[in-house]
Amino acid sequence: MYAVIKTGGKQYKVTEGDVLKVEKLNAEVNTTVELTEVLLVAGGDNAVKVGKPLVEGAKVVVEILSQGKGPKVINFKYKPKKASHRKRGHRQLFTEVKVTSIIA
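Residue positions are given per chain, counted from 1 along the sequence in the order it is written. pLDDT decides what is reported in this predicted model: residues at 70 or higher carry local features, side-chain atom pairs at 80 or more are listed and counted, and totals for whole chains, interfaces and linings draw on all residues regardless. Hydrogens are left out, water is left out, and the side-chain values use all remaining heavy atoms of the structure.

Digging into the sheet that holds strand 2 (residues 10-15)
The sheet built from 4 strands is open, its strands ordered 2-1-5-6 with antiparallel pairing. Each edge of the sheet is formed by a strand with only one pairing partner; in this case those strands are strand 2 and strand 6 (48-50). The sheet shows a mean angle of 15° between the axes of neighbouring strands, direction not considered. Strands pair, by our definition, only if DSSP identifies at least two bridges between them. Going along the chain from the N terminus, every DSSP run of H or I of four or more residues is numbered as a helix, and every run of E of two or more is numbered as a strand. A fitted line through C-alpha atoms represents every axis, and for helices the fit uses only the stretch in contact; the resulting angles, taken between N-to-C directions, go from 0 to 180 degrees.

Have a look at this one:
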């Protein structure tokens, strides 16, 4: 069984036991969170439920494994012959989650 969920403006295809990094969720480590924005659920018996836009009553339960920051991304702008340059860095926050169950 797998599901397509939406969190942090992105969509993820998940199955039970998957570990993935998503945009930061406001929850403590070692707690469980229910994600209710489920776009599609497909079962083992070839039954596919597609939401319009969400599947009614479906949710994905995830366990928060860790919180962290991604790698540094450098933004550098330069204009030749103008003595103009700008350098900025950014580290995106993420939450590492493990999918424990899919409820359709």
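A closer look at the pairing of strand 9 (residues 84-90)
Pairing of strand 8 (residues 73-79) with strand 9 involves 7 bridges; the strand directions are antiparallel. Pairing of Ile74 across the sheet is with Gly89, part of strand 9. The antiparallel hairpin formed by strand 8 and strand 9 contains 4 residues in its connecting segment, where Lys81 sits at a positive phi of about 65°.

Here's the deal with the side chain of Thr7
Tracing the backbone through its elements, the reader meets Thr7 in strand 1 (residues 2-7). Throughout, a contact is declared for two residues whenever any of their heavy atoms are within 4.5 Å. Once residues within four sequence positions are removed from consideration, Thr7 is found in contact with Tyr12, Val22 and Leu25.

A few points about the packing of aromatic side chains
A pair of aromatic rings is counted whenever rings of Phe, Tyr or Trp (Trp by its six-membered ring) have centres within 6.5 Å, and the orientation is called stacked for planes under 30 degrees apart, edge-to-face for over 60 and tilted otherwise. On inspection of all chains with the given rule, the structure shows 0 aromatic pairs. The ring of Tyr2 has Lys13 sitting right over it, with the charged end atom 4.5 Å from the ring centre. Positioned over the ring face of Phe94 is Lys21, at 4.5 Å from the centre of the ring. Any Lys NZ or Arg CZ found within 6 Å of a ring centre and within 35 degrees of that ring's normal is scored as a charge over the ring.

With respect to unusual backbone geometry
The amide bond that connects Lys52 to the next residue, Pro53, takes the cis arrangement and shows omega of 0°. Turning to its location among the elements, Pro53 is positioned in the loop between strand 6 and strand 7 (59-69). In the Ramachandran plot, Lys81 falls in the positive-phi region, its phi being about 65° despite a non-glycine side chain. Its location among the elements puts Lys81 in the loop between strand 8 and strand 9. Not every positive phi belongs to a glycine, and Ala83 is a case in point at roughly 55°. If you trace the backbone, Ala83 turns up in the loop between strand 8 and strand 9.

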